[in-house]
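Descriptive analysis of the structure
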Amino acid sequence: TVCARWVSVLACAWFPYARKEGLGAALIGHASWVHVTVTTLMLAAILHVLKISAAPVILMAVLTGMATAIVSNRSFGGITGDVLGAMIEIVECAVLLVFVYQS
């Protein structure tokens, strides 16, 4: 779940909000590079403490999360809070597949 939440911060920083107003308007499009840097460092620390091979996990998280955001951006002109929720679930499933494959 840490990887999924990290990818959602990336999406909030890189993609616009699809609507003019809504609950996600406070987050989406307003995340700065400070937020991205802090969450990236936190992710790296957690993966290091848990002794998890970071490269495949991060690669899968970024590929699936950004694919979800790109599809939403092309379809709706941005992302919404619902898209972030779906992205988190998709990334969690993809990362779990990486763990199954590695074991």
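Read on for an overview of the structure. (Residues numbered from 1 in each chain as written. Predicted model: local features only at pLDDT ≥ 70, side-chain atom pairs only at ≥ 80, totals over all residues. Heavy atoms only, no water.)

1. Let's talk about the packing of aromatic side chains
- Throughout the structure, instances matching the rule amount to 1 aromatic pair.
- Taking 6.2 Å as the distance between ring centres and 50 degrees as the angle between the ring planes, the aromatic pair formed by Trp14 and Trp33 counts as tilted. Taken together, the residues span a long stretch of sequence, with Trp14 in helix H1 (residues 2–14) and Trp33 in helix H2 (residues 33–49) at a distance of 19 residues.
- For Trp14, a relative accessible area of 43% puts it in the partly exposed group. (Phe/Tyr/Trp six-rings, centres within 6.5 Å; stacked < 30°, edge-to-face > 60°. Helix = DSSP H or I, 4+ residues; strand = E, 2+ residues; numbered from the N terminus. Buried < 20%, exposed > 50% of the residue type's maximum accessible area, 1.4 Å probe, protein only.)

2. Quick look at unusual backbone geometry
- For Lys51, which is not a glycine, the phi torsion comes out positive at approximately 55 degrees.
- Assessed through its relative accessible area of 74%, Lys51 is described here as exposed.

3. Some remarks on the side chain of Ser8
- One can find Ser8 in helix H1.
- The exposure class of Ser8 is buried, given its relative accessible area of 10%.
- Ignoring anything within four residues of it in the chain, the contact list for Ser8 reads Leu84, Met87 and Ile88. (Contact = heavy atoms within 4.5 Å.)

4. Here's the deal with the nonpolar core
- The biggest cluster of nonpolar side chains holds 27 residues, and the ones touching the most others in it are Val7, Ala11, Ile79, Leu84, Met87 and Val91.
- Among the elements of the structure, H1, H2, helix H3 (54–76) and helix H4 (81–102) are those that each provide at least two residues to this core.
- Take this core: its biggest share by element is 8 residues, from H1.
- Not counting the four nearest positions on each side in its chain, Ala11 is found in contact with Met66, Ala69, Ile79, Leu84 and Met87. (Core = buried A, V, L, I, M, F, W, Y, C linked by side-chain atoms within 4.5 Å.)

5. A look at the packing of H1 against H2
- Closest axis-to-axis distance for the H1/H2 pair is 10 Å, and the angle between their directions is 165 degrees. Considering the angle they form, H1 stands roughly antiparallel to H2. Taken as a pair, H1 and H2 cross one another with a handedness that is left-handed. Within the contact between the two elements, H1 uses Val2, Cys3, Trp6, Val9, Leu10, Ala13 and Trp14 and H2 uses Trp33, His35, Val36, Thr39, Thr40, Leu43 and Ile46.
- A per-class count over the contact of H1 with H2 returns 11 nonpolar, 3 polar and no charged. (Axes fitted to C-alpha atoms, helices over the stretch in contact; angles between N-to-C directions. Parallel < 35°, antiparallel > 145°, perpendicular 65-115°, else oblique. Left-handed = near helix turned anticlockwise from the far one by under 90°. Nonpolar A, V, L, I, M, F, W, Y, C, P; charged D, E, K, R; others polar.)

6. What to know about H1
- With 13 residues, H1 should cover 18 Å at 1.5 Å per step; its first-to-last C-alpha distance of 19 Å lies within 8% of that length.
- Within H1, burial applies to Cys3, Ala4, Trp6, Val7, Ser8, Val9, Leu10, Ala11 and Cys12.
- Looking at the packing, one finds that the buried side of H1 touches H2, H3 and H4. (Expected span 1.5 Å × (residues − 1).)

7. Section: the side chain of Thr64
- You can see Thr64 is positioned in helix H3.
- Within the structure, Thr64 has its side chain in polar contact with the backbone oxygen of Met60 (distance 2.8 Å).
- For Thr64, the side chain forms a polar contact with the main-chain oxygen of Ala61, separated by 3.4 Å.
- When neighbours within four sequence positions are excluded, Thr64 is seen to be in contact with Ile90, Val91 and Ala94. (Polar contact = N/O pair within 3.5 Å; in protein donor to acceptor, adjacent residues only side chain to side chain.)

These values are about where atoms sit, not about what they do.
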